[in-house]
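Close look at the chain arrangement
Each chain is listed here by its residues.
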Amino acid sequence: MKRRKFFSLTLFSFIFTTFLPVFHKVFAQETENNFYKLGSLTDLEENGFLLNENLEIGAVLVILKEDNSLIAIEPTCTHMGCLVEWNKQENLFICPCHNSKFQEDGKVVEGLAISDLPIYQVKIENNTVFVANQ
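Source: prediction; values computed, not measured. Throughout this document, residue positions are counted from 1 along each chain, in the order its sequence is written. Only residues with pLDDT of 70 or above have their local features reported here, since the model is predicted, and side-chain atom pairs are shown and tallied only from 80 upward, although totals for entire chains, interfaces and linings are computed over all residues. Excluded from the side-chain calculations are hydrogens and water; all other atoms, namely the structure's heavy atoms, are used.

**Focus: the overall build of the chain**
Rules: The secondary structure listing takes helices from DSSP runs of H or I that are at least 4 residues long and strands from runs of E that are at least 2 residues long, numbered from the N terminus. Relative accessible area decides the class of each residue, using a 1.4 Å probe on protein chains only: under 20% of the type maximum gives buried, over 50% gives exposed, and in between gives partly exposed. Residues count as neighbours in contact if any of their non-hydrogen atoms are within 4.5 Å of one another.
Assigned secondary structure in the chain consists of two helices and 11 strands. What you see in the chain, going N to C, is helices and strands ordered as α-β-β-α-β-β-β-β-β-β-β-β-β. Looking at the chain residue by residue over its 134 residues, the buried ones come to 32%. Of the contacts made within the chain by residues no fewer than 6 positions apart, 37% connect residues no fewer than 24 positions apart.

**Describing the sheet that holds strand S5 (residues 70–73)**
What counts, and what does not: A pair of strands is treated as paired once DSSP finds two or more bridges between them. The angle between two axes is taken between their N-to-C directions and runs from 0 to 180 degrees, where each axis is a line fitted to C-alpha atoms and a helix contributes only its stretch in contact.
A sheet is described by the order of its strands in space; here three strands give the open sequence S3-S4-S5, paired in antiparallel fashion. Of all strands in the sheet, those with a lone pairing partner are strand S3 (49–55) and S5, marking the two edges. With direction set aside, neighbouring strand axes in the sheet form an average angle of 10 degrees. As judged from the five bridges shared by S3 and strand S4 (residues 58–64), these two strands associate in the antiparallel manner. Within S4, the position partnered with Leu50 by the bridge is Val62.

**Remarks on the packing of aromatic side chains**
Put simply, the rule reads: Each aromatic pair joins two rings of Phe, Tyr and Trp (for Trp, the six-membered one) with centres within 6.5 Å, and gets the label stacked for planes under 30 degrees apart, edge-to-face for over 60, and tilted for any other angle. Whether a charge sits over a ring depends on NZ of Lys or CZ of Arg being within 6 Å of the ring centre and within 35 degrees of the ring normal.
Under the definition given, this model contains one aromatic pair. For the pair Trp86 and Phe93, a centre-to-centre distance of 4.7 Å together with 55 degrees between the ring planes defines the contact as tilted. Both residues of the pair, Trp86 and Phe93, belong to the buried class. Positioned above the aromatic ring of Phe35, the side-chain terminus of Lys123 is 4.3 Å from the ring centre. The lysine or arginine in question, Lys123, covers the ring of Phe130, its NZ or CZ lying 5.8 Å from the ring centre.

**What about the environment of Glu85?**
The residue Glu85 is located in strand S6 (residues 85–87) in this model. Look at Glu85 and you get partly exposed, because its relative accessible area is 49%. For the pair formed by Glu85 and Pro75, sequence separation is 10 residues and the distance between their alpha carbons is 7.8 Å. Dropping the residues within four chain positions of it, Glu85 is found in contact with Leu92, Phe93, Ile94 and Pro96.

The quantities given are spatial measurements derived from coordinates; they are silent on function.
Below is the structure:
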């Protein structure tokens, strides 16, 4: 091995091992006891929902109901993968693609979907909304 290549590999190894923890902390999703940070309570109150399609545990939709209770589900319809929408009047999640309907607990009510939507645990701490697998 030539001297130049040796020093290049050594320098690369040093940089990689030195900065890997920094990159991991910056790009890793924040967790607290297996709960993932979804967003702020302020945004949830303003919009009535929070949606994140890129959490490590999957897509998550949190709905703030009028009685201030929270629902957290995987919002991807189990029929063809469209994102379901919350219908306040019917208290149902409805798929805009083929009209499958799901209860608050993710159970299929009607439509072409054959399996339920997964639900998540949800908690609020310090004005932040967190979710975790059940």
